[in-house]
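Structural overview
Residues per chain, in single letters:
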Amino acid sequence: MIAIIDYNMGNIRSLGNAIGRLGAEWTLTSDPVVIGKASHVILPGVGSAAEAMHNLSDLGLPPLIRRLRRPVLGICVGMQVMCRHSEEGDAGCMGIFDAKVRRFREAEGIKIPHMGWSRLSNLESKLFKGIDKGAYVYFVHSYYAPLCPDTIATARHPELFSAALKYENFYGTQFHPEKSGDTGEAILRNFLEL
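The text that follows walks through the structure, step by step, so that each part is easy to find. (Residues numbered from 1 in each chain as written. Predicted model: local features only at pLDDT ≥ 70, side-chain atom pairs only at ≥ 80, totals over all residues. Heavy atoms only, no water.)

1. A closer look at the overall build of the chain
Counting secondary structure elements, the chain contains six helices and 13 strands. Relative to the globule expectation of 16 Å for 194 residues, the C-alpha radius of gyration of the chain, 15 Å, shows essentially globular dimensions. Overall size of the chain, expressed as C-alpha extent along the three principal axes, is 50 × 35 × 30 Å. The contacts of the chain with a sequence gap of at least 6 include a subset with a gap of at least 24, amounting to 68%. When the accessible surface of the chain is split by element, carbon and sulfur atoms take 47% of a total near 8,800 Å². One finds the centroid of the 21 positive side-chain charges in the chain at a distance of 4 Å from the centroid of its 20 negative side-chain charges. (Helix = DSSP H or I, 4+ residues; strand = E, 2+ residues; numbered from the N terminus. Rg over C-alpha atoms; globule rule 2.2 N^0.38 Å. Contact = heavy atoms within 4.5 Å. Areas by Shrake-Rupley, 256 points an atom, 1.4 Å probe, with all protein chains shown as cover. Lys, Arg positive; Asp, Glu negative; His and termini not counted. Charge placed at Lys NZ, Arg CZ, Asp CG, Glu CD.)

Structure, rendered in structure tokens:
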């Protein structure tokens, strides 16, 4: 059973539908016992890092998440709160990934938020098994993790940033695999096969 963490920050319908198309069973939960027994855990995220950390902390979940030893995937804000800190709301985060999340810099011709399809490059993980360099995935974000030792994929807007991170059994995607068509579905399948 896959546990999707319920903390009022996720795009649950799209994610649940994507997992269901892969034939996997999932549950939406904030119950520590259910999360602790799940084969895989997903921390979705839409919204602000400060609010996400506040909601997770109110539920007492950050220590549990850090202790998990099964595959864990953070998506978008879910990945950002697995970093050390976010400029968004000056939020202290879980410190799983060795990165401080920053806001994209205002510049002429650069739209913030970064919204739409962008190419992946520098793919370095089983999460991207069978994914071609240059494959397109869907992003919606104003904050990003810079390149760091945990970077396993990159994208540009216009500078290079971490499109995905990995540390031990923890994975994160800044993009939304559940909204990224066949490529995203393949990435979710790879995650479920870890």
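Moving on from the model shown.
2. Here's the deal with the nonpolar core
Grouped together as the largest cluster of nonpolar side chains are 34 residues, with contacts concentrated most on Ile 5, Leu 56, Val 81 and Met 94. Contributions of two or more residues to this core are made by strand E1 (2-5), strand E3 (40-43), helix H3 (49-58), helix H4 (62-67) and helix H5 (77-80). The element that contributes the greatest number of residues to this core is H3, accounting for four residues. With near-sequence residues (within four places) excluded, Ile 5 lies in contact with Leu 28, Thr 29, Ile 35, Val 41, Ile 42, Leu 43, Pro 44, Leu 56, Leu 61 and Ile 65. Among the nonpolar cores identified, the runner-up in size contains 32 residues, and Val 137, Tyr 144, Ala 164 and Ile 187 belong to it. (Core = buried A, V, L, I, M, F, W, Y, C linked by side-chain atoms within 4.5 Å. Buried < 20%, exposed > 50% of the residue type's maximum accessible area, 1.4 Å probe, protein only.)

3. Quick notes on the sheet that holds E1
Taking strand neighbours across the sheet as the criterion, the seven strands line up as E2-E1-E3-E4-E13-E12-E11 in an open arrangement whose pairing is mixed. Only two strands of the sheet have a single neighbouring strand rather than two, namely strand E2 (26-29) and strand E11 (151-156). In this sheet, neighbouring strand axes are inclined to one another by 20° on average, regardless of whether the strands run parallel or antiparallel. Looking at chain direction, E1 and E3 are connected through three bridges and run parallel. When the sheet's bridge partners are listed, Ile 2 is paired in E3 with His 40. Each of E1, E3, strand E4 (72-75) and strand E13 (170-173) is contacted by helix H6 (residues 181-192), which is oriented at about 135° to E3, the strand it contacts most. (Pairing = 2+ DSSP bridges. Axes fitted to C-alpha atoms, helices over the stretch in contact; angles between N-to-C directions.)

4. Focus: the packing of aromatic side chains
Scanning the model with the defined rule gives seven aromatic pairs in all. Taking 5.7 Å as the distance between ring centres and 80° as the angle between the ring planes, the aromatic pair formed by Phe 104 and Phe 161 counts as edge-to-face. Residue Phe 104 is found in the loop between strand E7 (100-103) and strand E8 (114-119), and its partner Phe 161 is found in strand E12 (residues 160-167); the two are separated by 57 residues along the sequence. Phe 161 carries the same exposure label as Phe 104, and that label is buried. Above the face of the Tyr 143 ring, Arg 103 is positioned so that its terminal group lies 5.9 Å from the ring centre. (Phe/Tyr/Trp six-rings, centres within 6.5 Å; stacked < 30°, edge-to-face > 60°. Lys NZ or Arg CZ within 6 Å of the ring centre and 35° of its normal.)

5. A short note on the pairing of E11
Most of E11 sits out of view: five of its six residues are buried. With five bridges connecting them, E11 and E12 associate as antiparallel partners. In the strand pairing of E12, Ala 155 is matched with Phe 161. Where E11 hands over to E12, the hairpin turn is made up of three residues, counted between the paired strands.

6. Considering the pairing of E2
For a regular strand, the rule is simple: side chains alternate between the two faces of the sheet. In this structure, E1 lies alongside E2, joined through four bridges in parallel fashion. What sits directly across from Ile 2, in E2, is Trp 26. You can see the chain leave E1, run along helix H1 (residues 12-21) and come back into E2, and the turn it takes is right-handed. (Right-handed = clockwise from strand over helix to strand, strands pointing away.)

7. A short note on H1
Every buried residue of H1 is accounted for by Ile 12, Leu 15, Gly 16, Ala 18 and Ile 19. Along H1, the residues classed as buried sweep out an arc of 160° about the axis, all on the same side. Across from the buried face of H1, at angles greater than 90 degrees, the exposed residues are Arg 13 and Arg 21. Downstream of H1 by one or two residues, Gly 23 has phi in the positive range, about 80°. (Arc of directions from axis to C-beta.)

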